[in-house]
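Residue-level structure breakdown
Listed below are the residues making up each chain.
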Amino acid sequence: MIYQIRIKGHLDSQWTDWFDGLTITLEDNGDTLLTGPVIDQAALHGLLKKVRDLGMPLVSVSPVEPGPPTTLGTSQADA
């Protein structure tokens, strides 16, 4: 499952490895959005513990529904 974790304040991109490869997005409103796959609830709790250890306020945690699979290169499109 893909999760988005929003924290208050900007987090430097050097923290990507510490957050197990999650994508770090700095938003204009001053928040940081961590996005990526989380294997299970134990892994999610581990990530939240890391956020707590940083001392940065947690704003939200949201699961992201995966989009529909895309197919490329089908020769029958628009037929």
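Let me begin by describing the structure that accompanies this report. What you see is a predicted model, and the numbers here were worked out from it, not measured in a lab.

1. Observations regarding the packing of aromatic side chains
Evaluation of the coordinates by the stated rule reveals two aromatic pairs. Each ring, one from W15 and one from W18, has its centre 5.2 Å from the other, and the planes form 65 degrees; the classification is edge-to-face. Among the residues examined, W15 registers a relative accessible area of 27% and is labelled partly exposed. Ring geometry for W18 and F19: centres 5.3 Å apart, planes at 80 degrees, overall edge-to-face. Its relative accessible area of 34% is what places W18 among the partly exposed residues. Here the aromatic cluster, defined as three or more aromatic residues joined through ring pairs, consists of W15, W18 and F19. Against the face of W18 rests K50, its NZ or CZ located 5.5 Å from the ring centre.

2. Side note on the nonpolar core
The biggest cluster of nonpolar side chains holds 13 residues, and the ones touching the most others in it are I5, I7, L11, F19, L34, L47 and V51. Excluding residues that lie within four positions of it along the chain, F19 makes contacts with L11, L34, L47, K50, V51 and L54.

3. Side note on the side chain of T32
Mapping T32 onto the fold places it in strand 3 (residues 31–37). Within the structure, the side chain of T32 is placed 2.6 Å from the backbone oxygen of G9, a separation counted as a polar contact. A distance of 2.9 Å separates a polar side-chain atom of T32 from the backbone nitrogen of L11. Look past the residues within four positions of T32 in its chain and what remains in contact with it is I5, R6, I7, G9, H10, L11, I24, T25 and L26.

4. Describing the environment of T25
The topology assignment puts T25 in strand 2 (residues 23–26). Once the C-alpha coordinates of T25 and D12 are considered, the two residues, 13 residues apart in sequence, prove to be 9.4 Å apart. Ignoring anything within four residues of it in the chain, the contact list for T25 reads D31, T32 and L33.

5. Some points on unusual backbone geometry
Residue D20 is not a glycine yet carries a positive backbone phi of 55 degrees. Its place among the elements puts D20 in the loop between strand 1 (2–8) and strand 2.

6. Topic: the side chain of K50
Topologically, K50 is positioned in helix 1 (residues 41–54). Those residues in contact with K50 that lie beyond four places of it in its chain are W18, F19 and D20.

Reading guide: rules and limits
Residues numbered from 1 in each chain as written. Predicted model: local features only at pLDDT ≥ 70, side-chain atom pairs only at ≥ 80, totals over all residues. Heavy atoms only, no water. Phe/Tyr/Trp six-rings, centres within 6.5 Å; stacked < 30°, edge-to-face > 60°. Buried < 20%, exposed > 50% of the residue type's maximum accessible area, 1.4 Å probe, protein only. Lys NZ or Arg CZ within 6 Å of the ring centre and 35° of its normal. Core = buried A, V, L, I, M, F, W, Y, C linked by side-chain atoms within 4.5 Å. Contact = heavy atoms within 4.5 Å. Helix = DSSP H or I, 4+ residues; strand = E, 2+ residues; numbered from the N terminus. Polar contact = N/O pair within 3.5 Å; in protein donor to acceptor, adjacent residues only side chain to side chain.

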